[in-house]
Amino acid sequence: MATECGTERIAGCQFNLSVMSDDFVDVILGSLDAVDMSKVWRDTDDVTTCVRGRVEHVFDVVKAVYLHAAKTGKHVEMSGTFSIGCPGDSSGDTYMDASAERMNEPAVADIQQKAGCKFALYPMNTTSYMDVIYEQIDLSKARGVEVSPSHYSTRLDGEVNDIFNAIEEAFTKVQEVVSHTTTTFTISANSPSSKK
């Protein structure tokens, strides 16, 4: 694993998919099965699913899993953490495919699904972290999503594809200049609760 910043480093995401429906097992397992995970390492246990690989492949997989679940029309929520450059991370348990081709993008690009998402960006081990965060939040406003402040996070509303693209772009730009970067997120679609 390279120690310098860039996209050729191991990234990962650990996420939990929750479906508020009696058939949650079928929706969760069906969503995981529908996604091509050939370019990431994956481990699913009784708490979370973890995927590791190149940044673009990790985001491709996580977004696709969520979209396959949300398109069922059920109330679906996903919470997770993207990370790159963690000093305690080992170089094992990953697959760094050389090709940048996203395996799931063609299948999910046209899925229309509105959602709300709260995310927080954490540039680690830098004294100018607030400047880095503010720069990315400002850029989010031009990414096709509605951006609003929220306690301890930033809220994004819009199409799921646009939301994940905004988070990925912010994460990618920060990790290019800050070696250890994490992003936490919670995204919800088809919720019976109104936005407040």
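Residues numbered from 1 in each chain as written. Predicted model: local features only at pLDDT ≥ 70, side-chain atom pairs only at ≥ 80, totals over all residues. Heavy atoms only, no water.

(A) Up close: the overall build of the chain. Looking only at helices and strands, the chain features 5 helices and 8 strands. Of the regular secondary structure in the chain, the N- to C-terminal order runs β-α-β-β-α-β-α-β-α-β-β-α-β. A buried classification covers 48% of the 196 residues belonging to the chain. Within the chain, counting contacts between residues at least 6 apart in sequence, those at least 24 apart form 80% of the total. (Helix = DSSP H or I, 4+ residues; strand = E, 2+ residues; numbered from the N terminus. Buried < 20%, exposed > 50% of the residue type's maximum accessible area, 1.4 Å probe, protein only. Contact = heavy atoms within 4.5 Å.)

(B) Geometry of the sheet that holds strand E8 (residues 181–189). Spatially, 8 strands are ordered E2-E3-E1-E4-E8-E5-E7-E6 in an open sheet, and the strand pairing comes out antiparallel. Each edge of the open sheet carries a strand with a single partner, namely strand E2 (41–44) and strand E6 (146–150). With direction set aside, neighbouring strand axes in the sheet form an average angle of 20°. Relative to E8, strand E5 (residues 114–123) is paired through 8 bridges, and the arrangement is antiparallel. Its bridge partner lying in E8, Ala-120 is registered against Thr-184. (Pairing = 2+ DSSP bridges. Axes fitted to C-alpha atoms, helices over the stretch in contact; angles between N-to-C directions.)

(C) View of empty space enclosed by the protein. Applying the stated rule across the entire model yields 1 cavity of 30 Å³ or more. Space inside the largest cavity adds up to approximately 40 Å³. Lining the largest cavity are Asp-36, Ser-38, Lys-39, His-57, Asp-60, Val-61, Glu-101, Met-103 and Asn-104. Per-class residue counts for the lining of the largest cavity are 2 nonpolar, 3 polar and 4 charged. (1 Å grid on protein atoms, 1.4 Å probe; cavity = no way out; pocket = protein on both sides within 12 Å on 5 of 7 lines; lining within 4 Å. Points joined across faces, edges and corners; volume = space filled by probe spheres on them. Nonpolar A, V, L, I, M, F, W, Y, C, P; charged D, E, K, R; others polar.)

(D) Focus on the packing of helix H1 (residues 24–34) against helix H2 (residues 55–70). The interhelical angle for the contact between H1 and H2, taken along N-to-C directions, is 135°, at an axis separation of 8 Å. It follows that H1 is oblique to H2 by the angle criterion. Once H1 is placed against H2, the crossing between them reads as right-handed. Taking contact as the criterion, the partners of Val-27, Ser-31, Leu-32 and Ala-34 in H1 are, on H2, Val-65, His-68 and Ala-69. (Parallel < 35°, antiparallel > 145°, perpendicular 65-115°, else oblique. Left-handed = near helix turned anticlockwise from the far one by under 90°.)

(E) Summary view of the pattern of salt bridges. Throughout the structure, instances matching the rule amount to 6 salt bridges. Linking Lys-74 and Asp-23 is a salt bridge whose minimum nitrogen-to-oxygen distance equals 3.6 Å. Placement of the pair is Lys-74 in the loop between H2 and strand E4 (76–84) and Asp-23 in the loop between strand E1 (11–19) and H1, with a sequence separation of 51 residues. (Salt bridge = Lys/Arg side-chain N within 4 Å of Asp/Glu carboxyl O.)

(F) Seen up close, the side chain of Thr-49. Inspection of the secondary structure assignment puts Thr-49 in strand E3 (residues 49–53). A polar side-chain atom of Thr-49 sits 2.9 Å from a polar atom in the side chain of Thr-44. If we skip the residues at most four places from it in the chain, Thr-49 touches Cys-13, Gln-14, Phe-15, Leu-32, Arg-42, Asp-43 and Thr-44. (Polar contact = N/O pair within 3.5 Å; in protein donor to acceptor, adjacent residues only side chain to side chain.)

Taken by themselves, the reported measurements are silent on function.
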